[in-house]
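# Overview (structure and organization)
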Amino acid sequence: MLFRSSGLPSRTWTIRAKADATTFSGCPSPVPTSVVKLTCTSATVDAPGTATCAGPITLSTSFQQMAGGVEDGKTNAYYGVTFNVNVVFTDAWNYIPTTTPCTANLTYELVAN
């Protein structure tokens, strides 16, 4: 993810994620996307500034913060942000196994202040 700094000191940024629907599509029986837990395992920036992971989130259709940081304030600086996410399907024993692919689309959003 790449974004351009406003050049003001101590400006914050966050990366947020959400599911585009409340259930997986293509499954033989309904499976809610809320059975997925996302955990940011690392966050780094390639320019002066900070990056940290937020706590784990349970997937929902509302944006939730996964990572964030502070820019160093250089005018018109470009920041590359790298973050790694661990995806866990929780409560798997509650759902019937299938060979049919089930999909869920995720949207990530960068909010730079």
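From a predicted model like this one, the values you see are computed outputs, not experimental measurements.

A full pass over the atoms with the stated rule returns 2 disulfides. At a sulfur-sulfur separation of 2.1 Å, the disulfide partner of C27 is C102. Residue C27 is found in the loop between β2 (12-19) and β3 (36-45), and its partner C102 is found in the loop between β7 (78-89) and β8 (106-112); the two are separated by 75 residues along the sequence. What makes C27 buried here is its relative accessible area of 17%. Residue classification places C102 among the partly exposed residues on the basis of a relative accessible area of 29%. With cysteine numbering restricted to those in disulfides and following the sequence, the protein has the pairing 1-4, 2-3.

As a further point, take the pattern of salt bridges. The full count for this structure, using the stated rule, is 2 salt bridges. Taking the shortest distance from any N to any O, the salt bridge between K18 and D20 comes out at 3.7 Å. Residue classification places D20 among the partly exposed residues on the basis of a relative accessible area of 41%.

With that settled, the discussion passes to the packing of aromatic side chains. Both the distance between ring centres and the angle between the ring planes are used here to describe each pair of aromatic rings. The full count for this structure, using the stated rule, is 3 aromatic pairs. Look at F89 and Y95: their rings are 6.0 Å apart centre to centre, the planes differ by 70 degrees, and that puts the pair in the edge-to-face class. By way of ring pairs, the aromatic residues F24, F89 and Y95 are connected into one cluster. Against the face of F63 rests K18, its NZ or CZ located 5.5 Å from the ring centre.

The subject of this paragraph is the sheet that holds β2. The 4 strands are arranged β4-β6-β2-β8 in an open sheet whose pairing can be described as antiparallel. Unpaired on one side and paired on the other, β4 (49-53) and β8 mark the two borders of the sheet. Recorded for the sheet is a direction-independent mean angle of 15 degrees between the axes of neighbouring strands. Where β2 and β8 come together, 7 bridges link them in antiparallel fashion. What sits directly across from R16, in β8, is E109.

On average, residues of the protein score 87 in pLDDT, and 88% of them are at 70 or above. The secondary structure element of the protein with the lowest average pLDDT is strand β1 (residues 2-4), at 66, and the one with the highest is strand β5 (residues 57-58), at 96.

Thresholds, definitions, all that
Residues numbered from 1 in each chain as written. Predicted model: local features only at pLDDT ≥ 70, side-chain atom pairs only at ≥ 80, totals over all residues. Heavy atoms only, no water. Disulfide = S-S within 2.5 Å. Helix = DSSP H or I, 4+ residues; strand = E, 2+ residues; numbered from the N terminus. Buried < 20%, exposed > 50% of the residue type's maximum accessible area, 1.4 Å probe, protein only. Salt bridge = Lys/Arg side-chain N within 4 Å of Asp/Glu carboxyl O. Phe/Tyr/Trp six-rings, centres within 6.5 Å; stacked < 30°, edge-to-face > 60°. Lys NZ or Arg CZ within 6 Å of the ring centre and 35° of its normal. Pairing = 2+ DSSP bridges. Axes fitted to C-alpha atoms, helices over the stretch in contact; angles between N-to-C directions. pLDDT = per-residue confidence, 0-100.

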